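# Examining the three-dimensional arrangement
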2 protein chains.
Amino acid sequence: MKRAAIATIGNELLQGQILNANCQYIANQVQGFAMDIALAISLPDEIDAIANRLKPLFDEVDALLITGGLGPTLDDVTTEAIAKAAGLPLVQDEIELEKLKQKLSEKNLALNQYNLKQIFFPQGAAPLDNHLGTAPGFYLNLNGCHLFCLPGVPSEMKAIFQTQFIKTLEELCGRVAQKELIIKTINFSESGLTAQIVSSRIVQGYFWSSIPSAEGVSIKIRLKDFNAPENEVVRLKKAFSELLGDAIYGYDNQTLQETVKQLAVSRRFTIACAESCTGGFLGKTLTDMPGSSAFFLGGVVAYSDEIKTKLLHVRSETLELYGAVSEQCARTMAQRCQELFKADFAVSITGIAGPSGGSTEKPVGTVCFSLITKDKIITSYKRLFAGSREDIREKSVYHAMNYLRLAMMNHSVC
Amino acid sequence: MKRAAIATIGNELLQGQILNANCQYIANQVQGFAMDIALAISLPDEIDAIANRLKPLFDEVDALLITGGLGPTLDDVTTEAIAKAAGLPLVQDEIELEKLKQKLSEKNLALNQYNLKQIFFPQGAAPLDNHLGTAPGFYLNLNGCHLFCLPGVPSEMKAIFQTQFIKTLEELCGRVAQKELIIKTINFSESGLTAQIVSSRIVQGYFWSSIPSAEGVSIKIRLKDFNAPENEVVRLKKAFSELLGDAIYGYDNQTLQETVKQLAVSRRFTIACAESCTGGFLGKTLTDMPGSSAFFLGGVVAYSDEIKTKLLHVRSETLELYGAVSEQCARTMAQRCQELFKADFAVSITGIAGPSGGSTEKPVGTVCFSLITKDKIITSYKRLFAGSREDIREKSVYHAMNYLRLAMMNHSVC
């Protein structure tokens, strides 16, 4: 296995203004190759800070991916810092100068000291064409460490990554068929799932780990033969399936959304939803994927009790007797939603997302769900979720999606 | 200025499975203190990798914030790695043992070797109470380097951060009145905004930068006097306000959601929405904040054309003549939404989020909006957004929120 490091440059990363999506993108892309990411580092827009942290990595890793700080403004110092770390002078590239003049003239902009800075590179570097912006990236081979320096604008970074870096990765270490198998589960606690897996001994001898998220707990198993993983994968999937049954909703990068979509589309089911505390979050999640109009009809967000009564026909007696956060209310919401949308499956969510609004009887995190099937079989249940408002809403959305998944799975195909 | 480093531990970060939201959260929280983040590093779940990278930082920084790898499973090795780096033995904490037994018995779970691991700490460390999960964090003073080790589960990390780390930050370096001013704008391109700001010379002599996001472009200006910034802030805000007018929707950490909420709550306006391509994303965003029931009544997600006709009374002639993605359709959606919800303001979104479904006349990214005010004044407009399905949906949501903001701002208070 080759080893790589990712360095993302920019004060905005160290001041928490933006999420480091570039780092995730690069790490994710490298997964298909015989290369591991040994570390990822974020550094400020300061020449010495960048030079001093990156220099030791030149000897440590086979590839170094750097993004950010190639722009025209005064705080963009990455090129200078790399030249300093590598002990190389900066030289102007005549071909890139012509390209830059061309790009600027197309936009009726003048060449100035700021954009001129962008065509200086460490001696020996090969510029990497950036057809989306003015800042070219560059490639430098430092005694076998393949250094790629890319702009921080995500679309420009991705374009250069795909056209230039992937090629180098292929030459350097080659693709692998599959490095790991991920088993995605819902409705388990991390420690409970771990205990079950350990006592079953199905992954004995494997390096494996569990990753909790709002969607559920994922089990990640490092495969033994990256290049011919088929038998291993089949065997592991079978063993996990016997152990965990329908708590498994997918493998590898498959999301719960995708599973729900696949089930609905393949069985030609339609879905609608009635939401209260999630405010549209379930509808949003079901439509994150392209092609969701094939199964998703729409929903009602009944945030106020008046709307629950008016649009979803929840009786005021129900609200008075049981409250808006009750299985009774959830049932009417699901029923009326199915009628309104003429959907095969309708699911409802009503709960207390907090931070206020809880009581001893119904603490913050209490969420009721109901689902009605194509055959008009209606069920409901109540859950208590821990965490912040955001956590409770997110967990509610995934619970409702899983409710839909199980109902569709267990429903005979029409 | 004191210096801190953030270390986030977990293979999932280096394999691109999750976004590093913990790092952003911590970096953002530290902004209010006389402390800069010198670097942020992500490391795999490997004892030596963690120990070797962190050890040199003990002498370099005043505070080291570590998250992740405190869980009960075999790959959770952060505590062990820190003990190794610090040259300290691991010792069991009797008080935490009792707490753990208590927590497990409440959940009817048994004490096993996996969760028992979580109550071992480097000698001299003080456990940090985690009331949301089973893994306590811990604090260690290593010759003046304040090391905080927190669980990776975001809600648990945040809770311990707020109750324990903030106190240390206050003692260690104190709060600063304000390090920087952020001007948040919508409806500008980054280069267009930069050109305007440069030619206005209002930030000459300042270190400033621009940060683009789906919400708009933020301008960040490093202040000259952190401890008495009042006059500077007033002067800069006034200059920007004269330059950019109502394209500014907030300052510093204020989000567009908060601005909309503040306007609605202070003027006692109610809001409802009718969504198509965003599928509930606008309702979700408006209810992200606690207390949104004070102004948000609910919405209709009319993803299918049938529902647009049935629930929102869009005439089939309108759909045939102009299509579902038209200002005409958007207007009826907003109008009917206002009637249904009896809302003061109703806004609608209908568009083509892609990646398929576009045409020459209406390419992917075409989105129509309409808004009706308390006085029944209805307006609409069409936009063409670039980017992925996710980008288009996100930009649509922020546009609709800004539409609401401008309409409420310009509306006389009732």
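Residues numbered from 1 in each chain as written. Chains lettered and ligands numbered in written order. Predicted model: local features only at pLDDT ≥ 70, side-chain atom pairs only at ≥ 80, totals over all residues. Heavy atoms only, no water.

### Some details on the overall build of chain A
Of the regular secondary structure elements, chain A holds 15 helices and 17 strands. Dimensions of chain A along its principal axes, counting C-alpha atoms only, are 80 × 55 × 45 Å. At a minimum sequence separation of 6, the contacts of chain A that also span at least 24 residues come to 67%. Counting every atom, chain A has about 16,900 Å² of accessible surface; 50% of that belongs to carbon and sulfur. Averaging the locations of the 41 positively and 44 negatively charged side chains of chain A gives two centres separated by 7 Å. (Helix = DSSP H or I, 4+ residues; strand = E, 2+ residues; numbered from the N terminus. Contact = heavy atoms within 4.5 Å. Areas by Shrake-Rupley, 256 points an atom, 1.4 Å probe, with all protein chains shown as cover. Lys, Arg positive; Asp, Glu negative; His and termini not counted. Charge placed at Lys NZ, Arg CZ, Asp CG, Glu CD.)

### Topic: empty space enclosed by the protein
A complete count under the given rule lists four cavities of 30 Å³ or more for this structure. Counted as a void, the largest cavity has a volume near 130 Å³. Contributions of two or more residues to the lining of the largest cavity are made by strand S1 (2-9) and strand S2 (35-43) of chain A together with helix H2 (21-30) and strand S2 (35-43) of chain B. Residues of the lining of the largest cavity, tallied by class, amount to 10 nonpolar, seven polar and no charged. (1 Å grid on protein atoms, 1.4 Å probe; cavity = no way out; pocket = protein on both sides within 12 Å on 5 of 7 lines; lining within 4 Å. Points joined across faces, edges and corners; volume = space filled by probe spheres on them. Nonpolar A, V, L, I, M, F, W, Y, C, P; charged D, E, K, R; others polar.)

### Comments concerning the packing of helix H8 (residues 190-200) of chain B against helix H9 (residues 230-244) of chain B
All names here are of chain B. Taken N-terminus to C-terminus, the directions of H8 and H9 make an angle of 120 degrees; their axes are 11 Å apart at the nearest point. On the basis of the axis angle, H8 is oblique to H9. The crossing of H8 and H9 is right-handed. Across the interface between the two elements, Leu 193, Gln 196, Ile 197 and Ser 200 of H8 pack against Phe 240, Leu 243 and Leu 244 of H9. (Axes fitted to C-alpha atoms, helices over the stretch in contact; angles between N-to-C directions. Parallel < 35°, antiparallel > 145°, perpendicular 65-115°, else oblique. Left-handed = near helix turned anticlockwise from the far one by under 90°.)

### A word on the pattern of salt bridges
Residue and element names in this part refer to chain A. One pass over the full model with this rule turns up 30 salt bridges over all chains. In this structure, the salt-bridge partner of Glu 96 is Lys 99, at a minimum N-O distance of 2.9 Å. Of this pair, Glu 96 and Lys 99 both sit in helix H5 (residues 94-106), three residues apart, which is roughly one turn of the helix. Classification of Glu 96 by relative accessible area gives buried; the value is 5%. Salt bridges sharing partners connect three or more residues here, namely Asp 36, Lys 179 and Arg 222. (Salt bridge = Lys/Arg side-chain N within 4 Å of Asp/Glu carboxyl O. Buried < 20%, exposed > 50% of the residue type's maximum accessible area, 1.4 Å probe, protein only.)

### Structural notes on the packing of aromatic side chains
Ring pairs (aromatic) are described by centroid distance and by the angle formed between their planes. All names here are of chain A. For the coordinates displayed, the defined rule picks out 20 aromatic pairs over all chains. Considering the side-chain rings of Tyr 139 and Phe 148, the 4.9 Å spacing of their centres and the 50 degrees angle between planes classify their relative orientation as tilted. Here Phe 148 and Phe 165 contribute two aromatic rings whose centre-to-centre distance is 4.6 Å and whose plane-to-plane angle is 80 degrees, an arrangement assigned as edge-to-face. In this pair, Phe 148 is assigned in strand S8 (residues 145-150) and Phe 165 in helix H7 (residues 154-172), connecting sequence segments 17 residues apart. For Phe 165, a relative accessible area of 1% corresponds to the buried category. Every member of this aromatic cluster is reached through a ring pair, and the members are Tyr 25, Tyr 139, Phe 148, Phe 161 and Phe 165. Positioned above the aromatic ring of Tyr 251 is the side chain of Lys 237, whose terminal nitrogen or guanidinium carbon lies 4.4 Å from the ring centre. (Phe/Tyr/Trp six-rings, centres within 6.5 Å; stacked < 30°, edge-to-face > 60°. Lys NZ or Arg CZ within 6 Å of the ring centre and 35° of its normal.)

### What to know about the sheet that holds strand S14 (residues 296-302) of chain B
On the basis of which strands lie adjacent, the open sheet formed by 10 strands has the order S17(A)-S16(A)-S15(A)-S13(A)-S14(A)-S14(B)-S13(B)-S15(B)-S16(B)-S17(B) and mixed pairing. Each edge of the sheet is formed by a strand with only one pairing partner; in this case those strands are strand S17 (378-384) of chain A together with strand S17 (378-384) of chain B. Each adjacent strand pair in this sheet contributes to an overall mean axis angle of 15 degrees, direction not counted. Alignment of strand S16 (residues 366-372) of chain A against S17 of chain A, held across seven bridges, turns out to be antiparallel. Note on S17 of chain A: the bridge partner recorded for Ile 372 of chain A is Ile 378 of chain A. Here helix H12 (residues 305-312) of chain A sits on the sheet and contacts strand S13 (271-275), strand S14 (296-302) and strand S15 (345-351) of chain A together with S14 of chain B; the angle it forms with S14 of chain A, its principal contact strand, is near 135 degrees. (Pairing = 2+ DSSP bridges.)

### With respect to the layout of surface pockets
A water-sized probe, rolled over the atoms, reveals where empty space remains. In this structure, the second largest pocket encloses a volume near 500 Å³. Along its surface, the second largest pocket is lined by 25 residues, and Tyr 303, Gly 351, Ile 352 and Ala 353 of chain A together with Ser 293 of chain B are the ones closest to its centre. Secondary-structure elements contributing two or more residues to the lining of the second largest pocket are H12 of chain A together with S14 of chain B. Classifying every residue of the lining of the second largest pocket gives 10 nonpolar, 11 polar and four charged.

### A look at the sheet that holds strand S11 (residues 216-222) of chain A
Residues and elements named next belong to chain A. Spatial ordering of the open sheet is given by S10-S11-S9-S12, a layout of four strands whose pairing is antiparallel. Strand pairing shows two members of the sheet lacking a second neighbour, strand S10 (208-213) and strand S12 (248-251), which therefore form its edges. Put simply, the sheet's adjacent strands are angled 20 degrees from each other on average, direction ignored.

### Looking at the relation of the copies chain B and chain A
You can overlay chain B on chain A at an RMSD of 2.0 Å; the transform is a turn of 179 degrees with a shift of 1.7 Å along its axis. Each copy turns onto its partner about a two-fold axis. Interface residue correspondence from chain B to chain A reaches 91%, placing this contact among same-surface, isologous pairings. (Least-squares fit on C-alpha atoms with pLDDT ≥ 70 in both.)

### Considering the interface of chain B and chain A
Contacts between chain B and chain A engage 74 residues on the former and 77 residues on the latter. The junction of chain B with chain A conceals about 5,900 Å² of combined surface from both sides, 56% of it contributed by carbon and sulfur atoms. It is Gln 15, Leu 19 and Tyr 303 of chain B in chain B that bury the most area against chain A; as a group they hold 10% of the surface buried on that side. Across the contact surface, chain B and chain A share four salt bridges. In this structure, Asp 288 of chain B engages Arg 393 of chain A in a salt bridge whose closest nitrogen and oxygen atoms are separated by 2.9 Å. At the junction of chain B with chain A, the criterion picks out 39 residue pairs in polar contact (both at pLDDT 80 or more). (Buried area = accessible area lost by both parts, 1.4 Å probe. Polar contact = N/O pair within 3.5 Å; in protein donor to acceptor, adjacent residues only side chain to side chain.)

### Thoughts on the environment of Gly 358 of chain B
Residue and element names in this part refer to chain B. By secondary structure assignment, the location of Gly 358 is in the loop between strand S15 (345-351) and strand S16 (366-372). By relative accessible area, which is 40% here, Gly 358 ends up partly exposed. Leave out the neighbours within four places in its chain, and Gly 358 touches Ile 352, Pro 363 and Val 364.

### Observations concerning unusual backbone geometry
In this structure, the amide linkage connecting Gly 354 of chain A to the following residue, Pro 355 of chain A, adopts the cis form with an omega of 5 degrees. Topologically, Pro 355 of chain A is positioned in the loop between S15 and S16. Within the chain, Asn 143 of chain B stands out as a residue other than glycine whose phi angle is a positive 50 degrees. Its place among the elements puts Asn 143 of chain B in the loop between strand S7 (137-142) and strand S8 (145-150).

### Examining the nonpolar core
One finds Ile 271 of chain A together with Ile 271 of chain B to be the most contacted residues of the largest nonpolar core, which totals 72 residues. Not counting residues within four places of it along the chain, the set of residues in contact with Ile 271 of chain A comprises Val 260, Ala 264, Leu 286, Phe 295, Phe 296, Leu 297, Gly 298, Ala 343, Phe 345, Leu 404 and Met 408 of chain A. In this structure, Leu 54 of chain A together with Ala 38, Leu 104 and Ala 135 of chain B belong to the second largest nonpolar core, which totals 62 residues. (Core = buried A, V, L, I, M, F, W, Y, C linked by side-chain atoms within 4.5 Å.)

### Structural notes on the pairing of S2 of chain B
With eight of nine residues buried, S2 of chain B lies mostly within the body of the structure. Pairing of S2 of chain A with S2 of chain B, which is carried by three bridges, proceeds in the antiparallel orientation. Each bridged residue has a counterpart across the sheet, and for Ser 42 of chain A the counterpart in S2 of chain B is Ala 40 of chain B. Where strand S1 (residues 2-9) of chain B meets S2 of chain B, eight bridges bridge the pair, whose relative direction is parallel. What sits directly across from Ala 7 of chain B, in S2 of chain B, is Ile 41 of chain B.

### Some words on helix H3 (residues 47-60) of chain A
All names here are of chain A. Relative to the 20 Å expected for 14 residues at 1.5 Å per residue, H3 spans 21 Å between its end C-alpha atoms, a close match to the ideal helical length. By the largest-angle criterion, Leu 54 marks the main kink of H3, which is about 25 degrees, and a proline, Pro 56, follows within four residues. Here H3 has its buried residues at Ile 50, Ala 51, Leu 54, Leu 57 and Phe 58. (Expected span 1.5 Å × (residues − 1). Bend = angle between axes of the 7 residues up to and from the residue.)

### Notes on the environment of Thr 373 of chain B
Residues and elements named next belong to chain B. Within the fold, Thr 373 resides in the loop between S16 and S17. The exposure class assigned to Thr 373 is buried, which follows from its relative accessible area of 9%. Separated by 26 residues in sequence, Thr 373 and Val 347 have C-alpha atoms that sit 8.9 Å apart. The contact partners of Thr 373, leaving out residues within four places of it in the chain, are Gln 338, Asp 344, Phe 345 and His 411.

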